[in-house]
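# Tertiary structure, described
Spelled out, the chains give:
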Amino acid sequence: MRRTMLLVCAGVLAVAGVRVAAHHAFGAEFDPNAPVRLQGKIVRLEWVNPHTWIHMEITKGDAKEVWAVEGGTPNTLLRRGLTRDTLTIGTEIIVDGYQTKDHSLKRANGRDVTFTDGRKIFMGSSGTGAPRDGRDPTETTKKPGGR
Amino acid sequence: MLHRCTRAIRALLVVLATGWALTPASGQAPSPGTAATTLPRTADGRPDLQGTWSNATITPIDRPEGAPPVYTEAQARRLERGYADRVERLAQPSDPNRTAPPQGGDGSTGAAGNVGGYNNFWVDPGDRVAVVNGQYRTSLIVDPPNGRVPALTDAGRRKAAARAEQFRTRGGEYDHPEFRPLAERCLMSFGSNAGPPMLPNYFYNNNYQIVQTKDHVMILAEMVHDVRIIRMNATAHPPAHIRPWMGDSIGRWEGDTLVVETTNFHPLQVFRGASDTLKVIERFTRVDADTIVYRFTIDDLDTWVAPWGGEVPFRRTDEQVFEYACHEGNYALANILSGARAQEREAATKKQNR
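Residues numbered from 1 in each chain as written. Chains lettered and ligands numbered in written order. Predicted model: local features only at pLDDT ≥ 70, side-chain atom pairs only at ≥ 80, totals over all residues. Heavy atoms only, no water.

## Examining the overall build of chain A
Secondary structure summary: chain A contains three helices and six strands in total. In chain A, the order of α-helices and β-strands from amino to carboxyl end is α-α-β-β-β-α-β-β-β. The burial tally for chain A puts 56% of its 147 residues in the buried class. Taking the intrachain contacts of chain A between residues at least 6 apart in sequence as the baseline, contacts between residues at least 24 apart amount to 54%. (Helix = DSSP H or I, 4+ residues; strand = E, 2+ residues; numbered from the N terminus. Buried < 20%, exposed > 50% of the residue type's maximum accessible area, 1.4 Å probe, protein only. Contact = heavy atoms within 4.5 Å.)

Written as structure tokens, this is what we have:
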């Protein structure tokens with residue numbers, strides 16, 4: 001039974017990893033010894049494949065720095081009707097993640113990207129708050145929008 | 001990871017308690033049952049396969065060892081609900097006062113590589129168990145009946161060892177952009193998404209557009225905007241040294257099923273260690289207004305001791321296939337290479353100062 005449980009667990013986690021990355025190995029790009037917590041306003045969005053990049057300005061003492069944060073494919077969000085215009089320039093966000101292995105770059109993965117009250121950015125469902133969770137029979141996957 | 005695993009186990013305990021050891025018959029779902037005569041057809045009378053389709057599913061390609069061929073409907077629904085619950089949980093707010101993640105990595109595995117990847121809201125791996133012939137499948141592979149790829153031949157094992165040795169001796173995996181995987185270089189697919197065989201990637205963008213004429217069938221895979229042109233009723237594949245991406249595909253109709261034979265695969269597009277004599281046979285059958293049953297057979301006796309194959313439901317969708325122009329934003333490849341160079345410089349400096 002224990003073996004079967006582990007099999008099922010492995011299957012579930014393999015199919016739907018908790019925090020995932022697909023296009024490339026994130027472990028090859030980011031430094032596990034350089035964790036960061038960034039808080040600041042969005043100054044630019046690159047709504048591009050293979051990975052969206054969110055540029056944000058943070059304050060470090062008297063200085064300001066612009067960091068770029070890597071997210072996932074915009075295609076998935078486009079199908080839910082979410083575009084780069086869903087996030088307004090100037091919106092303040094909190095990001096935790098890890099800096100690139102090349103520390104001369106101010107880039108990090110967006111391991112968890114939220115508004116300042118902790119809510120996840122990019123949500124959209126009339127059901128439970130989870131995107132397309134299948135609980136709301138009136139929810140359709142076809143939404144207006146897309147660029 | 002452990003507590004997440006425990007939660008996943010708990011969520012599925014009831015599924016297991018209700019018994020995986022059930023006969024295939026008990027896993028019957030309502031059959032689609034649309035009469036073939038009512039299916040949409042093209043002007044020349046062939047089944048119309050055109051439109052946009054998705055093969056996203058939570059059913060894995062290979063069957064977990066010991067699992068039966070099919071779930072009961074209750075088991076399937078519970079798995080799907082477990083997935084939906086999980087999405088909901090991961091959409092919950094985080095602590096706004098959280099600190100940076102742990103020094104040394106967050107323990108995540110796979111592509112998230114100990115740094116956590118990115119939020120779950122970016123992904124769309126599929127939320128349904130695959131249903132074929134009214135059965136809730138536990139694997140996409142159905143031949144052999146255990147749902148698992150047959151053993152490698154001796155030649156297949158030698159080939160795998162030689163390939164591993166080649167990777168080991170050619171230099172570091174970050175030494176050259178061409179040492180990086182095809183998907184990372186924005187060249188081809190994720191896994192075997194574009195195929196053939198066309199298999200789900202379990203991450204996102206598992207969408208296809210099919211356009212059909214009397215003489216050609218075009219299949220656009222969203223990942224990585226790969227287009228395959230199938231020549232209908234062509235009589236011969238090109239010479240062996242002509243090896244395009246996704247191989248050379250020739251199609252024909254067998255009754256209402258589109259049968260496609262593909263050979264001449266690109267030497268860099270190696271499906272699960274297959275040899276250059278790999279032949280893939282695909283069968284596309286539109287079984288109702290919303291479903292194509294896609295069957296594939298892998299024929300490569302140089303690599304595996306027997307042919308093998310599977311069945312994948314393609315579900316019709318009204319959603320759009322978006323362009324996946326990948327090079328423009330592929331900063332990751334440069335970051336990976338510059339990261340490796342930075343670490344080399346750091347190691348050299350340490351050595352010098354020793």
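Moving on from the model shown.
## Some words on the overall build of chain B
What chain B contains, in helices and strands, is four helices and 13 strands. Among the 354 residues that make up chain B, the fraction classed as buried is 50%. In chain B, once contacts between residues fewer than 6 apart in sequence are set aside, the share between residues at least 24 apart is 63%. A total accessible area of about 16300 Å² is found for chain B, and carbon and sulfur atoms account for 54% of it. (Areas by Shrake-Rupley, 256 points an atom, 1.4 Å probe, with all protein chains shown as cover.)

## Some points on the state of the cysteines
What we call a disulfide is simply a covalent bond connecting the sulfur atoms of a pair of cysteines. All names here are of chain B. A full pass over the atoms with the stated rule returns one disulfide over all chains. Each sulfur in the disulfide pair Cys186 and Cys326 lies 2.0 Å from the other. Taking the torsion about the S-S bond as the criterion, the Cys186 to Cys326 disulfide, at about -60 degrees, is left-handed. One end of the pair, Cys186, is in the loop between helix 3 (154–169) and strand 6 (207–212); the other, Cys326, is in the loop between strand 13 (308–316) and helix 4 (331–353), and 140 residues separate them in sequence. Relative accessible area serves as the criterion here: at 5%, Cys186 is assigned to the buried category. (Disulfide = S-S within 2.5 Å.)

## Digging into the packing of aromatic side chains
Under the defined criterion, the tally for this structure stands at 18 aromatic pairs over all chains. With a centroid separation of 6.4 Å and an interplanar angle of 80 degrees, the aromatic rings of B:Tyr118 and B:Trp122 are classed as edge-to-face. You can call B:Trp122 buried: its relative accessible area is 1%. Ring pairs connect the aromatic residues B:Tyr208, B:Phe271, B:Phe284, B:Tyr294, B:Phe296, B:Trp304, B:Trp308 and B:Phe314, which therefore count as one cluster. Directly above the aromatic system of B:Tyr331 lies the positively charged group of A:Arg107, at a separation of 5.6 Å from the ring centroid. For the cation-ring pair, B:Arg170 lies above B:Phe179, with the distance from its terminal atom to the ring centre recorded as 4.1 Å. (Phe/Tyr/Trp six-rings, centres within 6.5 Å; stacked < 30°, edge-to-face > 60°. Lys NZ or Arg CZ within 6 Å of the ring centre and 35° of its normal.)

## Notes on the sheet that holds strand 3 (residues 131–132) of chain B
All names here are of chain B. Overall, antiparallel pairing links the three strands, which are arranged 2-4-3 in an open sheet. In this open sheet, the two strands that pair with only one neighbour each are strand 2 (70–71) and strand 3. Looking at chain direction, strand 3 and strand 4 (residues 135–137) are connected through two bridges and run antiparallel. Bridged to Val132 within strand 4 is Gln135. (Pairing = 2+ DSSP bridges.)

## What about the confidence of the model for chain A?
Residue and element names in this part refer to chain A. Predicted confidence across chain A gives a mean pLDDT of 77, with 68% of residues reaching 70 or more. Low confidence marks residues 1–21, where pLDDT is under 50. Its contacts with residues over four positions away, or in another chain, come to 47 contacts. Confidence drops under a pLDDT of 50 for residues 124–147, and excluding neighbours within four residues, the segment shows 52 contacts in the predicted structure. (pLDDT = per-residue confidence, 0-100.)

## What to know about the layout of surface pockets
Left-over empty space is what a probe sized like a water molecule reveals as it rolls over the atoms. In this structure, the largest pocket spans a volume of roughly 1300 Å³. Residue lining of the largest pocket: 40 residues in total, with B:Pro181, B:Leu182, B:Gly191, B:Leu268 and B:Val270 positioned closest to the centre. Listing elements by their share of the lining of the largest pocket, those giving two or more residues are helix 1 (2–15) of chain A together with helix 3 of chain B. The element contributing the most residues to the lining of the largest pocket is helix 3 of chain B, with three residues. For the lining of the largest pocket, the residue count by class is 22 nonpolar, 10 polar and eight charged. (1 Å grid on protein atoms, 1.4 Å probe; cavity = no way out; pocket = protein on both sides within 12 Å on 5 of 7 lines; lining within 4 Å. Points joined across faces, edges and corners; volume = space filled by probe spheres on them. Nonpolar A, V, L, I, M, F, W, Y, C, P; charged D, E, K, R; others polar.)

## Notes on the environment of B:Arg158
Residue and element names in this part refer to chain B. Within the element layout of this structure, Arg158 appears in helix 3. The exposure class assigned to Arg158 is exposed, which follows from its relative accessible area of 58%. For the pair Arg158 and Thr303, spaced 145 residues apart in the sequence, the C-alpha separation amounts to 9.5 Å.

## Structural notes on helix 2 (residues 73–90) of chain B
Side chains three or four residues apart in an α-helix point the same way, a direct result of the helix having 3.6 residues per turn. Between the first and last C-alpha of helix 2 of chain B there are 26 Å, a value that for 18 residues agrees with the 26 Å anticipated at 1.5 Å per step. Of all the residues in helix 2 of chain B, the buried ones are B:Gln75, B:Ala76, B:Leu79, B:Glu80, B:Tyr83, B:Ala84, B:Arg86, B:Val87, B:Glu88 and B:Leu90. (Expected span 1.5 Å × (residues − 1).)

## Re the side chain of A:Arg111
Along the chain, A:Arg111 turns up in the loop between strand 5 (107–109) and strand 6 (112–115). Look at A:Arg111 and you get buried, because its relative accessible area is 12%.

## Some thoughts on the side chain of A:Thr114
On the secondary structure map, A:Thr114 appears in strand 6. Given a relative accessible area of 0%, A:Thr114 falls into the buried group. Polar side-chain contacts of A:Thr114 include one of 3.2 Å to the side chain of B:Arg98. Those residues in contact with A:Thr114 that lie beyond four places of it in its chain are A:Ile93, A:Ile94, A:Arg119, A:Lys120, A:Ile121, B:Ser94 and B:Arg98. (Polar contact = N/O pair within 3.5 Å; in protein donor to acceptor, adjacent residues only side chain to side chain.)

## Brief notes about unusual backbone geometry
All names here are of chain B. Note the cis peptide between Asp143 and Pro144, where omega equals 10 degrees. Tracing the chain through its elements places Pro144 in the loop between strand 5 (141–143) and helix 3. Phi at His225 takes a positive value of approximately 45 degrees, unusual for a residue other than glycine. By secondary structure assignment, the location of His225 is in the loop between strand 7 (216–221) and strand 8 (226–232).

## As for the confidence of the model for chain B
All names here are of chain B. The share of residues in chain B with pLDDT of 70 or more is 90%, and the mean pLDDT across the chain is 89. Under a pLDDT of 50 for its full length, residues 1–35 has, in the predicted model, 58 contacts with residues more than four places off or in other chains. The ipTM value of the predicted complex is 0.85, and its pTM value is 0.84.

## Notes on the pattern of salt bridges
Between side chains of opposite charge, a pair can form when the charged atoms approach closely. Residues and elements named next belong to chain B. Evaluation of the coordinates by the stated rule reveals 30 salt bridges over all chains. A salt bridge links Arg128 to Asp127, with the nearest nitrogen and oxygen atoms 3.7 Å apart. When its relative accessible area of 32% is taken as the criterion, Arg128 is described as partly exposed. You can call Asp127 buried: its relative accessible area is 16%. (Salt bridge = Lys/Arg side-chain N within 4 Å of Asp/Glu carboxyl O.)

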